[in-house]
Amino acid sequence: MTILIPILGDQLTPAITSLDGVDAASAVVLMMEVADETTYVRHHKKKIAFILAAMRHHAERLRGLGWTVDYVPLDDPDNAGSFTGEIARAIERHAPERIIVTEAGEWRVAAMLENWETLFGLPVEIRADTRFIASHAAFEAWCEGRKQLRMEYFYREMRRETGLLMNGDEPAGGIWNYDSENRKPAERDLLMPRPIAFRPDATTRAVIALVADRFADHPGTLDTFTFAVTHEEAMRQQRHFLNDALPRFGDYQDAMLSDEPYLWHSTLSPYLNAGLLDPLDLCRKVEARWRDGDVPLNAAEGFIRQIIGWREYVRGIYWREGPDYVRRNFLGAKRALPGFYWSGETDMNCLSQAIGQTLDLAYAHHIQRLMITGNFALLIGADPAQVHQWYLEVYADAYEWVELPNTLGMSQFGDGGLLGSKPYAASGAYINRMSDYCRRCRYDVKQRTGEDACPFNALYWDFLARNEARLGDNPRLAMPYRTWAKMAAADKRAIRAAAHAFLDRLDEADTRV
Ligand code: FAD
Ligand code: DLZ
Ligand code: SF4
């Protein structure tokens, strides 16, 4: 009377619903390292190492809790290479009477799970993933009858539902959103917090060696692997963030500094997404810090908004929009993503910084993803499907449910404005205001045309001009379109010529820009 319980690589918590109410004595937990998952895109080496190391440690944790865990390593000579293939082998080994599994985090894997009942002739119970606050039904109910699905209103609903930062029916402090207090540029600070560098143990070192051997051609480096790979380690990083970084998280949420990849960000996303940390528990601790007077409201609210607002909202959008969302391309963008996205070798310091640290660390914070790499891809008209693939590959926290809406929707405006009311397009002036990148760049952020002009400037205006038919009536772009309309015809011609000359150089694979 055995129950087979497959636990996927992003379900690494004993509180996962597939284990709920099951007697450990009558179950076999199955964990599978499989080639299909490690190669469906060319994941960053550190991303694969993190997930496999966290999986191996989680198997030990479950064993310690009394579960029987059948763990299939990647280098098992009989490894079938896919979830479905491994389920077939596990059925041979354990002859289960049924399967219980928690729903998958993406359409591709969800389709596999749906197929198992017919394929194997066994009852397969697919349980909801309750690590999220909003169930699929609750998100649908919120969408019902709304013309626009704005995150802000969904976020308020989540605040009411969780009671986080609420005084009765009113938001703490009297307003819902302190976004306008989250935009200070940062100064270099010797006391800036750094994430804890965890030392890999023997299990993690074995995974790193395996990844080095098998995935040498994947992007990124394995040097100095410092991720937390257990629940305890992730909790240590969480405490470190709450103590040292959260107080200034709000002020510097949008800031960027050269050679400072983390600033006051939490670096907790890989752990939240893989299951090592509980998002709601984290938010409650953040709120407690504010109620105790340790952190300002703009920090607590700004952080909680990212988790119960953005994180929940993009998941809702992902499942609501369906498997075809990935093919949307509202702006008809077709350009190939430049080769320097895989090397970091460009004279544009902002891109070289954001991409360089991404390849080193499998990490960039939100504004780097949105306003540097994302903004540039948007301005040059890069194919959103390619941009999506890059983001899915290079970040340790990337799973399609969270990455796709952020990339294709928020960053590339591929869905025509479902997620954002206007494209996140910006010229060099924004980057200069929020970072020190321009001070160290070979280009001059103040110039629009000429040899030394910052490429973002001409590209920004060219983007608006090129997309006027699609974006010209967007009320939130009225001001820049008015400025463009008022510009002298000769200036417009010069700007567009500069943009096209740059794009031509970009398309010549051998030319460094
Ligand atoms: P912090 O700045 O400390 O924020 C705290 C937490 O809030 C994060 O850990 C994360 O869980 C959550 N969060 C913040 N912003 C978002 C958001 N927009 N959507 C969902 N959750 C959010 N996040 C991922 O987890 N996986 C991805 O694959 C991913 N891809 C992205 C792609 C693009 C183009 C953009 C613009 C954003 C993407 N994000 C993604 C959101 C965000 O950039 C990361 O969550 C964040 O940078 C992770 O670093 P952190 O943990 O230090 O975040
Ligand atoms: C991302 C990933 C990788 C690289 N490898 C594995 C793996 O070998 N085994 C596994 O169970 N999960 C892995 N994952 C995470 C899965 O792709 C993730 O669980 C699904 O995308 C969820 O739908
Ligand atoms: Fe980037 Fe332009 Fe600033 Fe250089 S000058 S760092 S290219 S925004």
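Residues numbered from 1 in each chain as written. Chains lettered and ligands numbered in written order. Predicted model: local features only at pLDDT ≥ 70, side-chain atom pairs only at ≥ 80, totals over all residues. Heavy atoms only, no water.

**Some words on the overall build of the protein**
If you tally the helices and strands in the protein, you get 20 helices and seven strands. Radius of gyration (C-alpha) of the protein: 24 Å, near the 24 Å computed for a compact globule of 513 residues. Out of the 513 residues belonging to the protein, those deemed buried represent 58%. For the protein, the share of sequence-separated contacts (at least 6 apart) that also reach a separation of at least 24 residues comes to 76%. Per element, the accessible surface of the protein, about 21100 Å² overall, is 49% carbon and sulfur. Computed over 59 positive and 72 negative side-chain charges, the inter-centroid distance for the protein is 6 Å. (Helix = DSSP H or I, 4+ residues; strand = E, 2+ residues; numbered from the N terminus. Rg over C-alpha atoms; globule rule 2.2 N^0.38 Å. Buried < 20%, exposed > 50% of the residue type's maximum accessible area, 1.4 Å probe, protein only. Contact = heavy atoms within 4.5 Å. Areas by Shrake-Rupley, 256 points an atom, 1.4 Å probe, with all protein chains shown as cover. Lys, Arg positive; Asp, Glu negative; His and termini not counted. Charge placed at Lys NZ, Arg CZ, Asp CG, Glu CD.)

**Description of the pairing of strand E3 (residues 68-72)**
Counting buried positions over the five residues of E3 gives four, a clear majority of the element. Pairing of strand E2 (residues 27-32) with E3, which is carried by five bridges, proceeds in the parallel orientation. Counterpart to Met32 in the pairing with E3 is Val72. (Pairing = 2+ DSSP bridges.)

**Regarding helix H4 (residues 107-120)**
Given a rise of 1.5 Å per residue, 14 residues ought to cover 20 Å, and the 20 Å separating the end C-alpha atoms of H4 matches this to within 8%. If you look at H4, its biggest bend is around 30°, right at Glu114. For H4, the set of buried residues is Val109, Ala110, Met112, Leu113 and Trp116. Next to the buried residues of H4 lie strand E1 (3-6), helix H1 (35-39), helix H3 (83-94), strand E4 (98-102), strand E5 (124-127) and helix H11 (297-321). Gly121 occupies a position one or two residues after H4 and carries a positive phi of about 65°. (Expected span 1.5 Å × (residues − 1). Bend = angle between axes of the 7 residues up to and from the residue.)

**Describing the site of ligand 1**
The environment of ligand 1 is made up of 28 residues, and the closest members are His265, Ser266, Thr267, Asn273 and Tyr363. The contact in question runs from an oxygen atom of ligand 1 to an N or O atom on the backbone of Leu268, over 3.1 Å. Bound to the protein, ligand 1 loses 99% of the 820 Å² it would expose on its own. For the shell around ligand 1, the secondary-structure elements that each account for two or more residues are helix H9 (269-274), H11, helix H13 (366-380) and helix H15 (400-411). When residues in the shell around ligand 1 are grouped by element, the largest group, six residues, is from H15. A breakdown of the residues in the shell around ligand 1 according to their chemical character gives 13 nonpolar, eleven polar and four charged. Three or more residues apiece are contributed to the shell around ligand 1 by two domains, here domain 2 (136-321) and domain 3 (339-507). (Near = heavy atom within 4 Å. Polar contact = N/O pair within 3.5 Å; in protein donor to acceptor, adjacent residues only side chain to side chain. Nonpolar A, V, L, I, M, F, W, Y, C, P; charged D, E, K, R; others polar. Domains from an automatic or database assignment.)

**Structural notes on unusual backbone geometry**
One non-glycine residue with positive phi stands out, namely Ala95, at about 45°. By secondary structure assignment, the location of Ala95 is in the loop between H3 and E4. The phi dihedral of Thr267 is positive, around 60°, even though this residue is not glycine. Along the polypeptide, Thr267 turns up in the loop between helix H8 (231-249) and H9.

**Considering the packing of H13 against H15**
Look at H13 against H15: their axes get within 10 Å of each other, and the N-to-C directions meet at 55°. For the element pair H13 / H15, the angle class is oblique. H15 is crossed by H13, and the crossing has right-handed handedness. Between H13 and H15, the contacting residues are His366, Leu370, Gly374 and Leu378 on the first element and Asn406, Met410 and Ser411 on the second. (Axes fitted to C-alpha atoms, helices over the stretch in contact; angles between N-to-C directions. Parallel < 35°, antiparallel > 145°, perpendicular 65-115°, else oblique. Left-handed = near helix turned anticlockwise from the far one by under 90°.)

**Structural notes on the side chain of Asp129**
Within the secondary structure layout, Asp129 lies in the loop between E5 and helix H5 (136-143). A residue is classified by how much of its surface remains accessible, and Asp129, at 9% relative accessible area, is buried. Among the polar contacts listed, one links the side chain of Asp129 to the side chain of Arg131, at a separation of 2.8 Å. Sequence-distant contacts of Asp129, defined by excluding residues within four places in its chain, comprise Ile16, Thr17, Thr102, Glu103 and Arg315.

**Examining the sheet that holds E5**
Ordered by their spatial adjacency, five strands build an open sheet running E3-E2-E1-E4-E5, and the pairing between neighbours is parallel. What marks the edges here is a single partner per strand, and that holds for E3 and E5. Recorded for the sheet is a direction-independent mean angle of 25° between the axes of neighbouring strands. In terms of strand pairing, E1 meets E4 through two bridges, oriented parallel. When the bridges of E4 are listed, Ile3 appears paired with Arg98. The strands touched by helix H2 (residues 45-64) are E2 and E3; relative to E3, the strand with the most contacts, the crossing angle is about 160°. Contacting E1, E4 and E5, H4 crosses the sheet at an angle of about 160° to E5.

**What about the packing of helix H17 (residues 455-466) against helix H20 (residues 489-507)?**
Axis separation between H17 and H20 bottoms out at 8 Å; the angle between their running directions is 105°. Considered as vectors, H17 and H20 are oriented roughly perpendicular to each other. Contacts from Pro455, Ala458, Leu459, Trp461, Asp462, Ala465 and Arg466 in H17 reach Ile495, Arg496, Ala498, Ala499, His500, Phe502 and Leu503 in H20. When the residues that make up the contact of H17 with H20 are grouped by side-chain class, the tally is ten nonpolar, one polar and three charged.

**Some points on the environment of Asp254**
Relative to the assigned elements, Asp254 resides in the loop between H8 and H9. Separated by eleven residues in sequence, Asp254 and His265 place their C-alpha atoms 9.9 Å apart. Discounting chain neighbours no more than four positions away, the residues touching Asp254 are Asn182, Arg183, Ile367, Tyr430 and Met434.

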